[in-house]
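# Reading the structure
Listed here are the chains, written in short residue letters.
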Amino acid sequence: LQPLGVVNVNVKDFHLPMTDTPKQLQSGVKAFTDAGFKIVAGGNVSLQKEEQLRPAFEYAKTCGFPVIVCIPTPETLPKVEALVKEFNIPVAIHNHGPEEKNFQSPYDVMKAIKNMDPRVGMCIDIGHTERTGVDIAQAIADAGPRLLSMHVKDLANSKDRDSQVECGRGILPFRAIFAQLIKQGYTGSVDLEYEIKADNPLPGLLESFAYMRGVLD
């Protein structure tokens, strides 16, 4: 990540295993900070079973996550809200497109959390949002202060989750997305989720960041 000029990172269980001891987790966090990175979120974390909830918040507290990107269910969501209040750690519910049972688009999340604590927010994944046929920039506007995190990627085909390409080569409206984020004063992170070419990701990562930075300029 260092050659990319990246500072903010969203870490996953792959990087900081939830099965690690608190001492191991603190050592893992230190490795990120010593390398010049700032952890801005942790997850996705599954919050779909009651026995997962408190351990997930204890894990997030140990790691110092500013926000937990998560996938709850309508049944666990009230208990998640209670833990948000107890631990004072916000959560950002991630939408997962047409295959997801409960939270396909950002509007499904908005509907579920509209009367909840403001620290119960959302993480808009623009690729999954595109595949639901939702206007991404409008969804960002409608989310307003509930938007706590974002995952970005680009797609060549609006209906095919496996059509991911480098940012700028696909069809997603990055200019409109960034313009709306600037308009509403979004202060969270925009996290690239590059899920292709795992054997040699650096060229595609460089291209994707260069494109997005160019759009912002």
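Look up: the structure comes first, before these words.
The paragraphs below set out a description of the structure included in this document. Position numbers for residues start from 1 in each chain and track the written sequence from start to end. Given that the model is predicted, a residue must reach a pLDDT of at least 70 before its local features are reported, and side-chain atom pairs must reach 80 or more before they are shown or counted; all residues, however, enter totals for whole chains, interfaces and linings. Excluding hydrogens and water, the side-chain values take into account all heavy atoms of the structure.

### Quick word on helix α2 (residues 50-63)
Note the cut-off: Helix and strand labels come from DSSP, where a helix needs a run of H or I of at least four residues and a strand needs a run of E of at least two; each type is numbered from the N terminus. One less than the number of residues in a helix, times 1.5 Å, gives the span that helix is expected to have. Note on classification: 1.4 Å probe, protein chains only; a residue is buried when its accessible area is under 20% of the maximum for its type, exposed when over 50%, partly exposed between these limits. Taking the helix axis as origin, the arc is that swept by the directions to the C-beta atoms.
Compared with the 20 Å implied by 1.5 Å per residue over 14 residues, the 21 Å span of α2 between its first and last C-alpha is a close match. Within α2, burial applies to L53, A56, F57, Y59, A60 and C63. The arc enclosing the buried residues of α2, seen along the axis, measures out at 160°, which places them on a common side. Among the exposed residues of α2, those pointing more than 90 degrees away from its buried face are E51 and K61.

### Examining the side chain of T129
Heads up, the rule is: In the analysis that follows, any N or O atom pair within 3.5 Å is treated as a polar contact, provided that within protein one partner can donate a hydrogen and the other can accept it, and provided that, for residues neighboring in sequence, both atoms belong to side chains. Should any heavy atoms of two residues lie within 4.5 Å, those residues are considered in contact.
Tracing the sequence through the fold places T129 in helix α5 (residues 126-131). Of note is the side chain of T129, whose polar atom sits 3.0 Å from the side chain of N95. Contact partners of T129, with chain neighbours within four places excluded, come to N95, P106, I124, V134 and I136.

### A closer look at the pattern of salt bridges
The condition is simple: Throughout this description, the term salt bridge denotes a Lys or Arg side-chain nitrogen within 4 Å of a carboxyl oxygen of Asp or Glu.
As enumerated under the stated definition, the model contains twelve salt bridges in all. With a closest N to O distance of 3.2 Å, K153 and E193 form a salt bridge. With K153 in the loop between β6 (147-152) and β7 (154-155) and E193 in the loop between β9 (190-192) and α8 (202-216), the pair connects residues that are 40 residues apart, well separated along the chain. E193 carries the same exposure label as K153, and that label is buried. Here R169 makes a salt bridge to E166, at a shortest N to O gap of 3.6 Å. Classification of R169 by relative accessible area gives exposed; the value is 56%. One salt-bridge network, in which partners are shared between bridges, spans K12, D125, K153 and E193.

### What to know about the layout of surface pockets
Our working definition: Whether a set of points on the 1 Å grid over the protein atoms alone is a cavity depends on a 1.4 Å probe fitting there but being unable to get out, while an open set qualifies as a pocket with protein on both sides within 12 Å along at least five of seven lines; lining residues are those with an atom within 4 Å of a point. Grid points are joined across faces, edges and corners, and a volume is the space filled by probe spheres set on the points. Three categories are distinguished: nonpolar for Ala, Val, Leu, Ile, Met, Phe, Trp, Tyr, Cys and Pro, charged for Asp, Glu, Lys and Arg, and polar for the others, with Gly belonging to the last.
In this structure, the largest pocket spans a volume of roughly 990 Å³. Surrounding the largest pocket, 33 residues form its lining, N8, D191, L192, E193 and F209 being those nearest its centre. When residues of the lining of the largest pocket are traced back to their parent elements, those giving at least two are β1 (8-11), α7 (174-183), β9 and α8. Tallying contributions element by element places α8 first for the lining of the largest pocket, with five residues. Of the residues that constitute the lining of the largest pocket, the class distribution is 21 nonpolar, seven polar and five charged. Size it by volume and the second largest pocket reaches roughly 290 Å³. Along the walls of the second largest pocket sit 18 residues, with L148, Y186, T187, G188 and S189 positioned nearest its centre. Only β2 (38-47) and β6 provide two or more residues apiece to the lining of the second largest pocket. Tallied by class, residues from the lining of the second largest pocket come to eight nonpolar, eight polar and two charged.

### Some thoughts on helix α6 (residues 136-143)
Every buried residue of α6 is accounted for by I136, A137, A139, I140 and A143. Axial view of α6: buried residues confined to an arc of 160°, hence all on one face. For α6, the secondary structure elements touched by its buried residues are α4 (106-113), β5 (120-125), α5, β6 and α7. Taken from the residues just after α6, G144 is the one with a positive phi, measuring 55°.

### Digging into the side chain of D154
Going by this rule: When charges are counted, neither His nor the chain ends are considered; positive counts come from Lys and Arg and negative counts from Asp and Glu.
Relative to the elements of secondary structure, D154 occurs in strand β7. Lacking a salt bridge, the buried D154 has R169 as its closest oppositely charged neighbour, with an N-O distance of 8.5 Å.

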